[in-house]
Amino acid sequence: MNSIIIITNNFPPIIDGVGDYSYNLFTHLKRKTDYSAFIICSNKQKIKEYIQKENLEDQVFPIVEKWNIADFIRIVRKIKSMKSKNVILQYVPYSFSKKGIPFSIICLYIILWLRGIKISTFFHEIAVNRVNQPIHLKLLSFTQRSIAWCIAFLSHKKLTNSIFHQAYLKPFKSTVIPVGTNLVSEEFAPAENVSIENNSISIFSFSNRINKAIVEGVSKYQHISQKNISWTIAGSAPESRLQWLKSNLPINQNGFCINIVGTIETNVLQNIVENIQLILHAEPEATEGVGGISTKNGSIISAMALGKCIVGSKGLQTDTNYFKHLENVFLVSTNNSNEWFDALTTLANSPSLVTKLSQESYNTYKTFFKWNIITEKYLNVLSGKSGF
């Protein structure tokens, strides 16, 4: 039987996007009758307790403490003992270094290379954007990109989650595989989308995907329409940001209210979003045009899995092969409050458009983003049937 070893920093129950991604990939690989899957990850106490609780001791190995040479030697020994020919590391700079400059991870690749072990890499993130940034961020970006290029050079297969990151990896050839949903289960029917009522709208956003333009656009719409707006906001955020939101939104005025739920478990979050009408998501722009919803946004893919009507920002990261304006999403400029206002106005006045975008959002998910499709793409790349 073929085996695949996934190397990741975090793993459930730690709340972490890449950790959830690794868990889902691991779970779906195990469902393949001719494959077995294993995880090598950090030895955080919560992870070790979860592994014991779920009886995963023979599949998940929490043997990494600090991502240093001693850890790398343990990783190499474990891989050698398992005799697996498919090893893939889930790479994010800040997973392996608090400062985002994981020079040490290059040593792991060199040790594996010296021992004759091929390792592939999935690049979730590569580097902060350097254009029009202060000198310290330019230096950070250069360092992060240099590390990523070294890793790409030493990698057997190079994979990433968006065309934007693929461009970052030039001159190396890489394969784009979109992320999947982080929802607990894919075995559900999306809730029926109720068109925006005459006097009520429910909205959902993550706190770090709300910018000044969204706040201004929603506030303007509520002021003019006088509709009751309920806005649920999830995710971690500093108190200063929450206070900024509260002070810039017309809370408790004319039926406007916000519900800040913070960081919550995925199943609870899913229950909340199932009853929401609109998703508003402004992917931050590092510079003009650099940003936008993309195939690396697990939250967007999850919203599509639930058949939600999505209003999202467009940018250089937005792959129009998947995200099509007025066909399966409503795209707006990230920092243009008038466009956010126009989107709300248009959708409120067109129930048929809300229904269409919701249905096509779910259809797009079924066609491209289900985990069985993503898993098959992984196997095809690692086996050499497709990709680079």
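Treat the numbers as computed from the prediction; the structure is a model and nothing was measured.

Calculation notes
- Residues numbered from 1 in each chain as written.
- Predicted model: local features only at pLDDT ≥ 70, side-chain atom pairs only at ≥ 80, totals over all residues.
- Heavy atoms only, no water.
- Helix = DSSP H or I, 4+ residues; strand = E, 2+ residues; numbered from the N terminus.
- Rg over C-alpha atoms; globule rule 2.2 N^0.38 Å.
- Buried < 20%, exposed > 50% of the residue type's maximum accessible area, 1.4 Å probe, protein only.
- Pairing = 2+ DSSP bridges.
- Axes fitted to C-alpha atoms, helices over the stretch in contact; angles between N-to-C directions.
- Contact = heavy atoms within 4.5 Å.
- Core = buried A, V, L, I, M, F, W, Y, C linked by side-chain atoms within 4.5 Å.
- Patch = residues over 30% accessible without salt bridge, like charges linked within 9 Å, V, L, I, M, F, W, Y side chains within 5 Å.
- Areas by Shrake-Rupley, 256 points an atom, 1.4 Å probe, with all protein chains shown as cover.
- Salt bridge = Lys/Arg side-chain N within 4 Å of Asp/Glu carboxyl O.
- Expected span 1.5 Å × (residues − 1).
- Parallel < 35°, antiparallel > 145°, perpendicular 65-115°, else oblique.
- Nonpolar A, V, L, I, M, F, W, Y, C, P; charged D, E, K, R; others polar.
- Arc of directions from axis to C-beta.
- Right-handed = clockwise from strand over helix to strand, strands pointing away.
- Disulfide = S-S within 2.5 Å.
- Phe/Tyr/Trp six-rings, centres within 6.5 Å; stacked < 30°, edge-to-face > 60°.
- Lys NZ or Arg CZ within 6 Å of the ring centre and 35° of its normal.

### Let's talk about the overall build of the protein
Then step 1. Of the regular secondary structure elements, the protein holds 13 helices and 13 strands.
Then step 2. Here the C-alpha radius of gyration of the protein, 22 Å, is about what a compact globule of 388 residues would show, namely 21 Å.
Then step 3. Once the C-alpha set of the protein is aligned to its principal axes, its extents read approximately 65 × 50 × 40 Å.
Then step 4. Burial analysis of the protein (388 residues in total) assigns 53% to the buried set.

### Focus: the sheet that holds strand β13 (residues 330–333)
Then step 1. As summarised here, the arrangement of the 6 strands in space is β10-β9-β8-β11-β12-β13, forming an open sheet in which the pairing is parallel. On the outer flanks of this sheet lie β10 (256–262) and β13, each paired with one strand and no other. Neighbour to neighbour, the strand axes of the sheet diverge by 25° on average, direction disregarded.
Then step 2. Pairing between strand β9 (residues 228–234) and β10: 6 bridges, direction parallel. Bridge assignment links T232 to a residue of β10, and that residue is N259.
Then step 3. The sheet strands contacting helix α12 (residues 351–369) are β12 (309–314) and β13, and the helix crosses β12 at an angle near 80°.

### Describing the nonpolar core
Then step 1. Ranked by size, the top nonpolar core spans 50 residues in total, and within it I4, I6, F11, V60, M304, F323 and Y378 carry the most contacts.
Then step 2. Secondary-structure elements contributing two or more residues to this core are β1 (2–7), α1 (17–30), β2 (35–42), α2 (45–53), α9 (266–273), α10 (298–305), α12 and α13 (371–383).
Then step 3. At 6 residues, the largest contribution of residues to this core is made by α13.
Then step 4. Those residues in contact with F11 that sit more than four places away from it in its chain are G19, Y23, F26, I39, C41, I47, Y50 and V60.

### Let's talk about a nonpolar patch on the surface
Then step 1. On the surface, I110, W113 and L114 cluster together into a nonpolar patch covering about 360 Å² of accessible area.
Then step 2. Mapped onto the fold, I110 is located in helix α4 (residues 103–114).

### Regarding α12
Then step 1. Given a rise of 1.5 Å per residue, 19 residues ought to cover 27 Å, and the 26 Å separating the end C-alpha atoms of α12 matches this to within 8%.
Then step 2. Those residues of α12 that are buried are in contact with α10, β12, β13, α11 (337–348) and α13.

### Thoughts on the pattern of salt bridges
Side-chain pairs of opposite charge can arise where the charged atoms are in close proximity.
Then step 1. What the rule picks out here adds up to 5 salt bridges.
Then step 2. Ionic pairing is found between E125 and K296, a salt bridge with its closest N-O pair at 3.2 Å. Separated by 171 residues along the polypeptide, E125 in the loop between β5 (119–123) and α5 (135–154) and K296 in the loop between β11 (278–281) and α10 bring together distant segments of the chain.
Then step 3. With its nearest N and O atoms 3.9 Å apart, the salt bridge here joins E216 to K212. Of this pair, E216 and K212 both sit in helix α7 (residues 212–225), 4 residues apart, which is roughly one turn of the helix.

### With respect to the packing of α12 against α13
Then step 1. Where α12 meets α13, the axes come as close as 6 Å, and the angle between the chain directions of the two elements is 25°. Classified by the interaxial angle, the pair formed by α12 and α13 is roughly parallel. Facing α12, whose interface residues are K366, T367, F368 and F369, α13 presents W371, I373 and I374.
Then step 2. For the contact of α12 with α13, the per-class residue count stands at 5 nonpolar, 1 polar and 1 charged.

### Digging into α9
Then step 1. Residues of α9 that are buried include every one of L269, Q270 and V273, and no others. Buried residues along α9 cover an arc of 105° about the axis, so they all sit on one side.
Then step 2. Each element contacted by the buried residues of α9 is listed here: β8 (200–206), β9 and β11.

### Looking at the environment of L169
Then step 1. With respect to the helices and strands, the residue L169 is situated in the loop between α6 (163–168) and β7 (175–176).
Then step 2. For L169, a relative accessible area of 0% gives the class buried.
Then step 3. Sequence spacing of L169 and I126 is 43 residues, and the spatial spacing of their C-alpha atoms is 8.3 Å.
Then step 4. Aside from chain neighbours lying at most four places away, what touches L169 is F123, I126, W149, A152, T160 and S174.

### Some points on the pairing of β8
Then step 1. Of all the 7 residues making up β8, 5 are buried; the element is thus mostly covered by neighbouring parts of the structure.
Then step 2. Pairing analysis gives 7 bridges linking β8 to β9, with the strands arranged parallel. Bridging across to β9, F206 finds its partner in A234.
Then step 3. The parallel pair β8 and β9 is bridged by α7, and the resulting crossover is right-handed.
Then step 4. With 2 bridges connecting them, β8 and β11 associate as parallel partners. Residue pairing across strands places I203 opposite L278, the latter belonging to β11.

### Some details on the state of the cysteines
Then step 1. For the structure shown, the criterion picks out 0 disulfides.
Then step 2. Lacking any disulfide linkage, C107 is separated from the closest cysteine sulfur, that of C150, by 11 Å.
Then step 3. On the accessibility criterion, C107 (30% relative accessible area) is partly exposed.

### Concerning the packing of aromatic side chains
Then step 1. Per the stated rule, a full pass over the model turns up 19 aromatic pairs.
Then step 2. Taking the centre distance of 6.2 Å and the plane angle of 55° together, the rings of F368 and F369 count as tilted.
Then step 3. Members of the aromatic cluster, joined through ring pairs, are F11, Y23, F26 and Y50.
Then step 4. The positively charged end of K78 is found above the aromatic ring belonging to F61, 4.2 Å away from the centroid.
Then step 5. When the ring centre of F341 is taken as reference, the NZ or CZ atom of K220 above it lies at 4.5 Å.

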